[in-house]
Amino acid sequence: MGSSPNSKPKIVRGTAGYVLEDVPHFCDYIPDLPTYSNPLQDNPAYSVVKQYFVHPDDSVPQKIISNKDSPRGIHFRRAGPREKVYFEPEDVQAAIVTCGGLCPGLNTVIREIVCALHNMYGVKKVLGINGGYKGFYAHNTITLTPKSVNDIHKRGGTVLGSSRGGHDTTKIVDSIQDRGINQVYIIGGDGTQRGAYKIFEEIRRRGLRVSVVGIPKTIDNDIPVIDKSFGFDTAVEEAQRAINAAHVEAESGENGIGVVKLMGRYSGFIAMYATLASRDVDCCLIPESPFVLEGPGGLFDFTEKRLKENGHMVIVIAEGAGQELVSESIQSMHKQDASGNKLLQDVGLWISQKIKEHCAKQKMIINLKYIDPTYMIRAVPSNASDNVYCTLLAQSAVHGAMAGYSGFTSGLVNGRHSYIPFYRITEGQNKVSITDRMWARLLSSTNQPSFSIGKTIAEEKREEEANSHGPTHAVAHSAGQ
Ligand SMILES: Nc1ncnc2c1ncn2[C@@H]1O[C@H](COP(=O)(O)OP(=O)(O)O)[C@@H](O)[C@H]1O
Ligand SMILES: O=P(O)(O)OC[C@H]1O[C@](O)(COP(=O)(O)O)[C@@H](O)[C@@H]1O
Ligand SMILES: [Mg+2]
């Protein structure tokens, strides 16, 4: 998979503890590059906007909550168009690739990169790489034009195709060089951004004037720093349909139980937000919050109580929840997919079976229906608000590449579009913090047990803090807290 990234972070310090974690720029490693006026200044749509170009010193704070004595803290470069660009339109040969699992909005991002390059910067040459990273060296490319991508945002999936595995840094950079590509837009999740970081490092090592830009994609919302990933809202909305169906089924049968499995390999954001949005869910199980089946305060105990009180219940379970329990009862190998991600056991089926067995032992009649909509919620086209979000992400990415920045991910930080250095995106994983207010809101809305038997909140907090000082720490999600 190529060598590990090794470039040093670009840190700029200011007064009162201000820190800018800047992103790499061509000027860092290529001297005396010519610059050109940004063509947007003559564009009738934008030339009327007051201060359309972003001030070179503008930055976005990572932490929005502060108090009078706190230092100003870490900032990221604000995204947007710059007065000077480092490419002439006719010199640009851009390429777009999508990697990893599907996510609503992939096609919108592709469309909007093509349109921003054409309509804002007059760039005519845009290639689509087929089938993920391996497409750079194993497949033919396709030409993307505003006309060919005109309607694609109305479709789910990615018109370019995607894949797991197949990242070979040398082969990919050779292909970039051979094809004369000088802007690479890489749309994908944590694995993809790690791969993009390696590509950037190799490009820099070879001294190439090629901008490598990441656009974060993940249905699981597990990418750190950014407020949320595109497609997440759509997925949560789509999950409502499955939860509603589970609720209708549960209400209609004697002791009806609806079990819905949602995506979330290591992070339970979809399950948590879908539960909070629905109000019909009695219990939400996520990877971050271990649970027990037996004994007082366990899931069986709670299920019996809920059925006695209400006559029905709905359980939402993230696919990565309770994996340690499943492995205990099913002899499982530690299998991985082509990208090295852990392959999971079907926890939805497993928990449904366990509940049925328990209730049979108790001589309790139940009607359990298991709904697995996992792929349905990520294969849909993005909703209106995700479409706007995807458009701004794509435009920010294009502005950054044209301005000569490289080795960054375009992302939303505290509601502002920003350029985030790759190492920040790849260093950890965004997880639900079960000691934050959002999880407390969920617990209070479902009134489910916290399952943290024997552990106090203070102990859990201490453990989380200790983990957060490790090399691959879990990053507490702060959006909307
Ligand atoms: N550590 C890594 N270094 C280089 N490439 C990686 C790394 N992890 C994953 N990749 C590549 O990134 C692509 C997508 O990764 P994957 O984990 O499947 O999805 P996602 O990017 O959505 O997390 C795959 O082609 C995979 O080979
Ligand atoms: O079956 P596939 O395509 O491997 O996808 C399943 C996985 O994809 C995910 O949606 C995450 O995908 P990414 O890592 O690509 O964002 C998980 O929730 C799920 O475990
Ligand atoms: Mg991933």
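Residues numbered from 1 in each chain as written. Chains lettered and ligands numbered in written order. Predicted model: local features only at pLDDT ≥ 70, side-chain atom pairs only at ≥ 80, totals over all residues. Heavy atoms only, no water.

Visitor: Give me the overall build of the protein chain: which residues, what numbers.
Guide: Looking only at helices and strands, the protein chain features 15 helices and 19 strands. Relative to the 2.2 N^0.38 estimate, which gives 23 Å for 481 residues, the radius of gyration of the protein chain is 24 Å and therefore close to what a compact globule would have. Dimensions of the protein chain, computed from the C-alpha atoms along their principal axes, are close to 80 × 55 × 45 Å. With 481 residues in all, the protein chain has 54% of them scored as buried. In the protein chain, the share of contacts with a sequence separation of at least 24, taken over all contacts with a separation of at least 6, comes to 79%. Accessible surface for the protein chain amounts to roughly 21000 Å². Of this, 50% is attributable to carbon and sulfur atoms. Charged side chains in the protein chain number 52 positive and 51 negative. The centres of these two groups are separated by 2 Å. (Helix = DSSP H or I, 4+ residues; strand = E, 2+ residues; numbered from the N terminus. Rg over C-alpha atoms; globule rule 2.2 N^0.38 Å. Buried < 20%, exposed > 50% of the residue type's maximum accessible area, 1.4 Å probe, protein only. Contact = heavy atoms within 4.5 Å. Areas by Shrake-Rupley, 256 points an atom, 1.4 Å probe, with all protein chains shown as cover. Lys, Arg positive; Asp, Glu negative; His and termini not counted. Charge placed at Lys NZ, Arg CZ, Asp CG, Glu CD.)

Visitor: Can you break down the packing of helix α4 (residues 169-178) against helix α5 (residues 190-205) residue by residue, with the values?
Guide: Between α4 and α5, the least distance of the axes is 10 Å, while the angle of their chain directions is 60 degrees. Classed by the angle they form, the pair α4 and α5 counts as oblique. Seen along the crossing, α4 lies across α5 with a hand that is right-handed. Between α4 and α5, the residues in contact are Thr169, Ile172, Val173 and Ile176 and Lys198, Ile199, Glu202 and Ile203, respectively. Here the contact of α4 with α5 is built from residues that sort into 5 nonpolar, 1 polar and 2 charged. (Axes fitted to C-alpha atoms, helices over the stretch in contact; angles between N-to-C directions. Parallel < 35°, antiparallel > 145°, perpendicular 65-115°, else oblique. Left-handed = near helix turned anticlockwise from the far one by under 90°. Nonpolar A, V, L, I, M, F, W, Y, C, P; charged D, E, K, R; others polar.)

Visitor: Account for the layout of surface pockets, with residues named and values stated.
Guide: In this model, the second largest pocket occupies a volume close to 860 Å³. In this structure, the second largest pocket is lined by 39 residues; those nearest its centre are Arg164, Arg265, Asp337, Ser339 and Asn341. When contributions to the lining of the second largest pocket are tallied by element, the ones reaching two or more residues are α5 and α11 (374-378). Of the residues forming the lining of the second largest pocket, the biggest block, 6 residues, is contributed by α5. A class-by-class count of the residues in the lining of the second largest pocket yields 10 nonpolar, 15 polar and 14 charged. (1 Å grid on protein atoms, 1.4 Å probe; cavity = no way out; pocket = protein on both sides within 12 Å on 5 of 7 lines; lining within 4 Å. Points joined across faces, edges and corners; volume = space filled by probe spheres on them.)

Visitor: Outline the UniProt feature "binding site: Mg(2+)" (unreviewed entry) in the protein chain, listing residues and values.
Guide: UniProt marks Asp190 with the feature "binding site: Mg(2+)" (unreviewed entry), using the numbering shown here. Locating Asp190 in the fold gives a position in helix α5. When neighbours within four sequence positions are excluded, Asp190 is seen to be in contact with Asp222, Ile223 and Gln429. (UniProt positions renumbered as here; feature names shortened; annotations may be inferred.)

Visitor: Could you give an account of the sheet that holds strand β15 (residues 367-371), naming the residues involved and the relevant values?
Guide: Read from one edge to the other, the open sheet built from 4 strands follows the order β13-β14-β12-β15, with strand pairing classed as parallel. Each having just a single partner strand, β13 (283-285) and β15 make up the two edges of the open sheet. Within the sheet, the average angular offset between the axes of one strand and its neighbour, ignoring direction, is 15 degrees. Bridge analysis of strand β12 (residues 256-262) against β15 gives 5 bridges, and the strand direction is parallel. Along β15, the bridge assignment pairs Gly258 with Lys369. (Pairing = 2+ DSSP bridges.)

Visitor: Which residues make up the site of ligand 1, and what are the values?
Guide: In the vicinity of ligand 1 lie 19 residues, with Arg164, Gly165, Asp190, Thr192 and Ser339 positioned nearest. Expressed as a share of its isolated accessible area of 540 Å², the protein-covered part of ligand 1 is 91%. The cavity that encloses ligand 1 is the second largest pocket. Residues that form the shell around ligand 1 fall into these classes: 3 nonpolar, 11 polar and 5 charged. (Near = heavy atom within 4 Å. Sits in = over half its atoms within 2 Å of the grid points.)

Visitor: Let's hear about the packing of helix α8 (residues 299-310) against helix α10 (residues 347-361): which residues, and what values?
Guide: Where α8 contacts α10, the two axes come as close as 11 Å, and the packing angle between them is 65 degrees. On the basis of their axis angle, the class for α8 and α10 is roughly perpendicular. For the element pair α8 and α10, the recorded crossing hand is right-handed. On α10, the residues touching Leu299, Phe300, Thr303 and Glu304 of α8 are Ile351, Lys354, Ile355 and His358.

Visitor: So, the pairing of strand β17 (residues 416-421): which residues are in play, and what are the values?
Guide: Burial of β17 is extensive: 5 of the 6 residues sit out of reach of the surface. Pairing analysis gives 2 bridges linking strand β5 (residues 73-78) to β17, with the strands arranged antiparallel. The partner of Arg78 across the bridge, within β17, is Ser418. Where strand β16 (residues 408-413) hands over to β17, the hairpin turn is made up of 2 residues, of which Asn414 adopts a positive phi near 50 degrees.

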